Structures are given as C-alpha cells and as structure tokens.
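Spelled out, the chains give:
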Amino acid sequence: MTATLEVAEGVGTIRLDRPPMNALDIATQDRLKELAEEAARRDDVRAVVIYGGEKVFAAGADIKEMQDMDHAAMIVRSGALQESFTAVARIPKPVVAAVTGYALGGGCELALCADFRIAADNAKLGQPEILLGVIPGAGGTQRLARLIGPSKAKDLIFTGRHVKADEALAIGLVDRVVPAAEVYEQAHAWAARLAKGPAIALRAAKESIDAGLETDIDTGLAIERTWFAGLFATEDRERGMRSFVEEGPGKAKFV
C-alpha cells in the first residue's frame, strides 16, 4: 500500500508510505482519496493526522509518470488529481498535517488541505511547478492564496522557491514549528485533544468557516446561523451547557 489509515484513541493517521520521497503518483493519489473518504465516514475516527514519516512528508508528484502524459491524458487525470486532495480537505473532522522534511509541489498542496500544520524545524515547503513549465494543479493556486494571501502565494508560485520552516511560520504557511523528533507526537496530541470534543459542533465550525470563506459575509452568516441553531438539537449541546452551569467551564465530557 502507498498509504495507510491507522486509528488509535479516536485519531486516524493517514500515513504516506512510498519510499524514498513519498512521490504522489496516480496510485497514491487514488489511495489518498479512498482513505480520506474512509476517515470521513468512520465513527471511531474523530480527528485526523496526515503524516509522511520521520524523514519526508511528500516531495511532490511523480514527475517521471507525468512526463509521458500529453494534453488529452492530463485533461482526464487533472480532475481525479484535484478530487483526491479535495477529499482530504472535506474530511468533516479536524485534520492536522505533520510535516517533516520536504513538502513540495503536491506535498505542499496536501498540507494545505489540513486545518492546521505542524512542521519540523528542518522542513522545506514550496510550489516548484513553475520550474517544470507548469503550475500547481492540485489546488495550490487556490488554497495557498487563501491561506497566506495572493502576493505571498504569487511569490512562491512564480519563483518556485523553497521556504524553510521559520519563513513558513512567519508567512502563515505553517502554524507551529517544533523539533523534528516531536512533529508526529505534537500533531497527534493536537488531534487527540479535539477527538474528545463535540464531534457535530466541530464539524459545524469547520464547514461554517470553509464555506463562509467562499462566499459573501451575509451568506456566510446564514451558514453560521443555520449550524448554530441546529446544534441546539444535539446531546452534546445539552451536556456542554449543563456542565458549564453545574461545574464551570471546560469540564464537559462529550459523546
């Protein structure tokens, strides 16, 4: 298998496993889509970690495989490529990317699909597709610009340069930088903390934010209002408010 899903304590780890660099060939892309959809529907998965191993997250697409594809072939494949990454972005649960080593091209685009990114202090990220005469094709032009702003995204995409962890943190490309040996541990801890939270409310928060970013403020507020009111039909809402009144904040145990 080029990727696996392992579940422990409510956290599902999607682990890339295509040595030596976790190049994202077609088989791996398709496998990612399968695992993302599985994580989305499994009740025992309440949060997700995307991880490439101790040495590298993912060094991009398999260029040797793409080199032989012509325009007609890529018209067919590009939709499936984007769908595999979108499946990760649409997991209706908290998702954190644990980034070690290189996260370039498709690897960077995969990290962009997470809600939160924890990077090793030796990580390098970037969108070097321009150096191959193409542009990012798995969401990089869209998700990167939404995350760090259009000017910074254009800098990275136009030049194809790599950014080290400290710069990635400064521009908002990653959210936390930790020693390389601690990346997975801290990512799993972040996910495990949220795995204990109210699952439907977390889904509501994620979908409200993500959908709201794609529309105008009034429509975004309507999305928020619908989810907010709907949560008053959940057992978690009853538990949370009862615990707050009786025990104080932060003590509720959700189901």
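Quick caveat, the model's predicted, so the values are computed rather than measured. Along every chain, residues carry numbers that run from 1 in the direction the sequence is written. Local features in this predicted model are restricted to residues whose pLDDT is 70 or higher, and side-chain atom pairs enter the listing and the counts only when it is 80 or higher, whereas totals over whole chains, interfaces and linings include all residues. As a rule here, side-chain values come from all non-hydrogen atoms in the structure, and water together with hydrogens is ignored.

## Section: the side chain of Glu109
Here a helix means four or more residues in a row that DSSP labels H or I, a strand means two or more in a row labelled E, and each is numbered from the N terminus. Summarising the element assignment, Glu109 is placed in helix 4 (residues 106–112). Exposed residues in this analysis have more than 50% of their type's maximum accessible area, buried residues have under 20%, and partly exposed residues fall in between, with area computed by a 1.4 Å probe over protein chains only. Under the counting rule used here, the positive set is Lys and Arg, the negative set is Asp and Glu, and His together with the chain ends is not counted. Salt-bridge detection follows one rule: a side-chain nitrogen of Lys or Arg within 4 Å of a carboxyl oxygen of Asp or Glu. The charged side chain of Glu109 is buried without a salt bridge, its nearest counter-charge being Arg143 at 6.8 Å.

## A closer look at the sheet that holds strand 7 (residues 124–126)
At least two DSSP bridges between two strands are needed for those strands to be called paired. Spatially, the three strands line up as an open sheet ordered 5-7-8, and their pairing is mixed. Looking at which strands have only one partner, the edges of the open sheet turn out to be strand 5 (102–104) and strand 8 (162–164). Averaged over all neighbouring strand pairs, the angle between strand axes comes to 20°, with direction disregarded. Throughout, an axis means a line fitted to C-alpha atoms (over the contacting stretch in the case of helices), and angles, computed between N-to-C directions, take values from 0 to 180 degrees.

## Examining helix 8 (residues 183–195)
For a helix, the expected span equals 1.5 Å multiplied by the number of residues minus one. In a regular helix each residue adds 1.5 Å, so 13 residues correspond to 18 Å; helix 8 covers 18 Å between its end C-alpha atoms and thus fits that length. Of all the residues in helix 8, the buried ones are Val183, Ala187, His188, Trp190, Ala191, Ala192 and Ala195.

## Describing helix 6 (residues 150–159)
Among all positions in helix 6, only Ala153, Leu156 and Ile157 are buried. Each buried residue of helix 6 lies within a common arc of 90° when the element is viewed along its axis, so the set occupies one face. Exposed residues on helix 6 whose side chains face more than 90 degrees from its buried face are Ser151 and Phe158. Where helix 6 is buried, its residues touch helix 5 (140–148), strand 8 and helix 7 (165–171). Trailing helix 6 by a residue or two, Gly160 shows a phi angle of about 75°, which is positive. The directions from the helix axis to the C-beta atoms form the arc being described. Contacts are assigned to residue pairs that have any heavy atoms within 4.5 Å of one another.

## Section: the sheet that holds strand 4 (residues 95–99)
Here six strands make up an open sheet; going across it, the order is 1-2-3-4-6-9 and the pairing mixed. Edge positions in the sheet fall to strand 1 (3–8) and strand 9 (176–178), since each of these pairs with one other strand and no more. Between one strand axis and the next, the sheet turns by 20° as a mean value, whatever way the strands run. Bridge count between strand 6 (residues 116–120) and strand 9: three bridges; the pairing is parallel. Residue pairing across strands places Ala119 opposite Val177, the latter belonging to strand 9.

## Comments concerning the packing of aromatic side chains
The pairing test for Phe, Tyr and Trp rings, Trp by its six-membered ring, is centres within 6.5 Å, and the orientation test on the planes gives stacked under 30 degrees, edge-to-face over 60, and tilted for anything in between. Throughout the structure, instances matching the rule amount to three aromatic pairs. Ring centres of Phe228 and Phe232 lie 5.4 Å apart, and the angle between their planes is 75°; on these two criteria the pair is classed as edge-to-face. Note on Phe232: relative accessible area 37%, which makes it partly exposed.

## Quick notes on the packing of helix 1 (residues 26–41) against helix 3 (residues 71–89)
Packed helix pairs are characterised by how far apart their axes lie and by the angle those axes make with each other. Running from N to C, helix 1 and helix 3 cross one another at 35°; their axes reach a closest spacing of 8 Å. Our pair here, helix 1 against helix 3, has a crossing hand that is left-handed. On the side of helix 1, the interface is formed by Ile26, Gln29, Asp30, Lys33, Ala36 and Glu37, while helix 3 contributes Arg77, Leu81, Glu83, Ser84, Ala87 and Val88. Each residue gets one of three labels, nonpolar for Ala, Val, Leu, Ile, Met, Phe, Trp, Tyr, Cys and Pro, charged for Asp, Glu, Lys and Arg, and polar for the others, Gly among them. Grouping the amino acids of the contact of helix 1 with helix 3 by side-chain chemistry returns five nonpolar, two polar and five charged. Each crossing gets its handedness from the near helix: less than a right angle anticlockwise from the far helix is left-handed, clockwise is right-handed.

## So, unusual backbone geometry
Looking along the chain, the bond that leaves Pro19 and enters Pro20 is cis, with omega of 0°. Tracing the chain through its elements places Pro20 in the loop between strand 2 (11–16) and helix 1. Despite not being glycine, Glu9 shows a phi value in the positive range, around 55°. Summarising the element assignment, Glu9 is placed in the loop between strand 1 and strand 2. Since its relative accessible area comes to 68%, Glu9 is described here as exposed.

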